[in-house]
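# Inside the fold
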Amino acid sequence: MEKSDIKSLSVGELNAYLESIGQKKYRTAQIQDWLFKHQCSAFDQMKNLPASLVQRLDQDFDINPLTCSSQDVAEDGTIKWLFRTKDQFYIESVLLIAEDRHSICISTQVGCAMGCTFCRTAQMGFKRNLRVGEILEQFIQVNQYLKTQGKELSNIIFMGMGEPMNNFENFDRAARIFHDRRFFNLGKKRLTVSTSGLVDKIREVADRETPCHLAVSLNGTNDSMRSALMPINDRYPLEKLFEATDYYVEKTGNRITFEYILIKDITCTEQAANELIALTGRRRCKINAIVLNESENDMLVPPSDQEIEKFIAKIRSKEILIHIRRPRGRDIQAACGQLAIKQQKVA
Ligand code: SF4
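Thresholds, definitions, all that
- Residues numbered from 1 in each chain as written.
- Predicted model: local features only at pLDDT ≥ 70, side-chain atom pairs only at ≥ 80, totals over all residues.
- Heavy atoms only, no water.
- Buried < 20%, exposed > 50% of the residue type's maximum accessible area, 1.4 Å probe, protein only.
- Helix = DSSP H or I, 4+ residues; strand = E, 2+ residues; numbered from the N terminus.
- Pairing = 2+ DSSP bridges.
- Right-handed = clockwise from strand over helix to strand, strands pointing away.
- Core = buried A, V, L, I, M, F, W, Y, C linked by side-chain atoms within 4.5 Å.
- Contact = heavy atoms within 4.5 Å.
- Axes fitted to C-alpha atoms, helices over the stretch in contact; angles between N-to-C directions.
- Parallel < 35°, antiparallel > 145°, perpendicular 65-115°, else oblique.
- Left-handed = near helix turned anticlockwise from the far one by under 90°.
- Nonpolar A, V, L, I, M, F, W, Y, C, P; charged D, E, K, R; others polar.

Moving on, we get to the pairing of strand S12 (residues 256–262). Of all seven residues that make up S12, seven are buried, and the element is covered over most of its length. Both faces of S12 are covered, namely the face carrying Ile256, Phe258, Tyr260 and Leu262 and the face carrying Thr257, Glu259 and Ile261. Relative to strand S13 (residues 285–291), S12 runs parallel, the two being bridged by seven bridges. Paired with Leu262 across the two strands is Val291, which belongs to S13. As for the winding sense of the linkage, the β-α-β connection from S12 through helix H11 (residues 270–280) to S13 is right-handed.

If you look at soluble globular proteins, the nonpolar side chains tend to sit buried side by side. Formed by 102 residues in total, the largest nonpolar core has its most connected members in Ile6, Met46, Leu57, Phe178, Phe184 and Phe311. The contacts of Phe311, once residues within four sequence positions are left out, are Tyr260, Leu262, Thr267, Cys268, Thr269, Ala272, Ala273 and Leu276.

Inspection of the secondary structure assignment puts Ala244 in helix H10 (residues 238–252). Under the relative-accessibility criterion, Ala244 is labelled buried at 0%. Between the C-alpha atom of Ala244 and that of Glu163, which follows or precedes it by 81 residues, the distance is 17 Å. The contacts of Ala244, once residues within four sequence positions are left out, are Val199, Ile202 and Arg203.

The contact between helix H1 (residues 11–20) and helix H2 (residues 26–37) brings their axes to 9 Å, and the two run at 120 degrees. Taken together, H1 and H2 sit at an angle that is classed as oblique. At the point where H1 passes H2, the crossing takes the right-handed sense. Touching Val11, Leu14, Asn15 and Leu18 of H1 are Arg27, Thr28, Ile31 and Gln32, all from H2. Looking at side-chain class alone, the contact of H1 with H2 contains four nonpolar, three polar and one charged residues.

Below you can see the structure in the form of structure tokens.
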């Protein structure tokens, strides 16, 4: 019989299990301490547990829900992991290194149902949600790699494969474990969730006080442009999206990040710049402009450097905060979904 993943168990579930085998509940805190604070990779490393319990845990649970299938290093230092789940799906995590910051881009689903036209993962369709343990494990394995070099992960971006808000309960629980002082102890500012714009969930993040910052993939400056790139816009057009992001900013006091993909003749034009200014100029936000990475859609190409500079200068002239992000790890296919799709096709 397949063992269950111990990292996915809630406190209540682990308590119930321990009770069922005649163990005391205080063992739950000890076990979670080993799993999430010390990030150990085998039950026999849990030194304050009796040998009989270690043996029983080993018999009943898996401690490593993901297997590393490949690890590729790009010329610019970006590293991409391809992980295999127990049920033989592939997911990706990307390590981005910038000065003293080591950020991991984490997946929350196998595939994605949102159908954004510029995204490789969309072509895979939706397979299943990742469990809490599988979300945490991406961090743990990448962090173990960094520790061998005397470094540690400092930031998490829930922006890999999948729409985190479509796996809300597991994303929310993972974010709380990452933030928990007893475990990973990552401050709120070090956690960012990126959504395609599920407005009810944006409100829920604010209401539940999920410990993270919010980034929204805007990508279109009017409804027809955004709907053509992101089908979610038909369900939640710009007006509804901005009502929700305004609510989030008011409720949390946080600045919001709008991600904006730069595509030649579509989103990187003078008209788009003017519309973007109108949408964001009076809001407490910053914009991350992301130059289109390789795409299998021939209709979508990145703008020239000159076009990008002109666009950015126009936005900055209105004193709107905008950063430009160039594609990372091109030589290792670091764009979300590129490797996993290949593997899924091979498997
Ligand atoms: S961009 Fe994000 S939300 Fe859109 S299809 Fe890709 S993974 Fe899903």
